[in-house]
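Structure assessment
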Amino acid sequence: MRSIIVAGVVAANLAFIGLGITFGYPDVLAEPPAEILARFAAGQVTVTALFLLLALGAGSLIPVAVLLGRRLPDGPAAALSAPVGVLAGLVQVIGLLRWPFAMPALAHAADRATAETIFAVLHGYLGTGLGETLGYLLTGAWTILVLRALPAPRWFTALGALSAAAILSGLLIPLDVPGTDLANFLGYLAWSAWMVCVAVRTGKLTPRVLAGTASQA
């Protein structure tokens, strides 16, 4: 599990940095659809590869949530953490995969007006609605559930709680609340560091299923 966490954190952060350099992401999303599609077409191969890497990093939360859920001390928070974490990873992956699978066709479509309309719909529903809004909500909820289930030092709990709160502030971004985009960005940076701490702290815990099987043998 530790290797999955570290690989996911590294993949997500490298992809985000690369997209910022090559595509101006996420600031580019404030541009009109025509400009976004043009910039995507200009660097399509690199941008597509980076979005796939970002989706891979986000999707690593799916196996991590399942494996970590088996290692957390028994209780309602531990039981709920696995499905919430799986959903958090899944909605982000679905939202991100619109870029490598839908955008190439739209970026090169002959009917520009229709392509821009489809882009706006996909961005609104799969991007803002599913990948971002639900992604922020479920990631924050999963983090809180893990904190409730896992006995830990105060600094670990504080780091997780602050990162969860900052990620949840992203729910206010569509309302144009000042500072929420920056808070959300910093929240994910802190969350990345917290996830590495999770890997270190829980890597030696024995899965409950395996522990039960061993005791019966």
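Residues numbered from 1 in each chain as written. Predicted model: local features only at pLDDT ≥ 70, side-chain atom pairs only at ≥ 80, totals over all residues. Heavy atoms only, no water.

1. A look at unusual backbone geometry
The step from Tyr25 to Pro26 runs through a cis peptide bond, and the omega angle for that step is 10°. Among the structural elements, Pro26 can be located in the loop between helix H1 (2-23) and helix H2 (33-42). One non-glycine residue, Asp176, lies in positive phi territory at about 60°. As for its placement among the helices and strands, Asp176 is situated in the loop between helix H8 (154-168) and helix H9 (180-202). (Helix = DSSP H or I, 4+ residues; strand = E, 2+ residues; numbered from the N terminus.)

2. So, the confidence of the model for the protein
Note that predicted coordinates carrying low pLDDT should not be read in detail. On average, residues of the protein carry a pLDDT of 92, and 93% of them reach 70 or more. In the predicted structure, residues 209-217 sits below a pLDDT of 50 and forms one contact with residues beyond four places in sequence or in another chain. (pLDDT = per-residue confidence, 0-100. Contact = heavy atoms within 4.5 Å.)

3. What about the packing of helix H3 (residues 44-59) against helix H6 (residues 98-107)?
If you want to describe how two helices pack, look at the angle between their axes and the distance between the axes. At a closest axis distance of 8 Å, the pairing of H3 and H6 adopts a crossing angle of 150°. On the basis of their axis angle, the class for H3 and H6 is roughly antiparallel. Of the residues in H6, those touching H3 at Gln44, Thr48, Phe51 and Leu52 are Trp99, Pro100 and Pro104. (Axes fitted to C-alpha atoms, helices over the stretch in contact; angles between N-to-C directions. Parallel < 35°, antiparallel > 145°, perpendicular 65-115°, else oblique.)

4. Re the nonpolar core
In terms of nonpolar packing, the biggest core is built from 29 residues, with Ile5, Leu68, Trp142, Trp191, Trp194 and Met195 touching the most fellow members. When contributions to this core are tallied by element, the ones reaching two or more residues are H1, helix H4 (61-71), helix H5 (76-96), helix H7 (112-149), H8 and H9. The element that contributes the greatest number of residues to this core is H7, accounting for eight residues. Residues in contact with Ile5, not counting those within four places in the same chain, are Val64, Met195, Val196, Val198 and Ala199. (Core = buried A, V, L, I, M, F, W, Y, C linked by side-chain atoms within 4.5 Å. Buried < 20%, exposed > 50% of the residue type's maximum accessible area, 1.4 Å probe, protein only.)

5. Comments concerning the packing of aromatic side chains
For the structure on display, the rule yields 15 aromatic pairs. Look at Phe156 and Trp194: their rings are 5.5 Å apart centre to centre, the planes differ by 40°, and that puts the pair in the tilted class. Here Phe156 is found in helix H8, whereas its partner Trp194 is found in helix H9, with 38 residues between them in sequence. Each member of the pair, Phe156 together with Trp194, is buried. With a centroid separation of 6.2 Å and an interplanar angle of 80°, the aromatic rings of Tyr188 and Trp191 are classed as edge-to-face. Taken together, the residues span about one helical turn, with Tyr188 and Trp191 both in helix H9 at a distance of three residues. Among the aromatic residues, those joined into a ring-pair cluster are Phe16, Phe23, Tyr25, Phe40, Phe51, Trp99, Phe119 and Phe185. (Phe/Tyr/Trp six-rings, centres within 6.5 Å; stacked < 30°, edge-to-face > 60°.)

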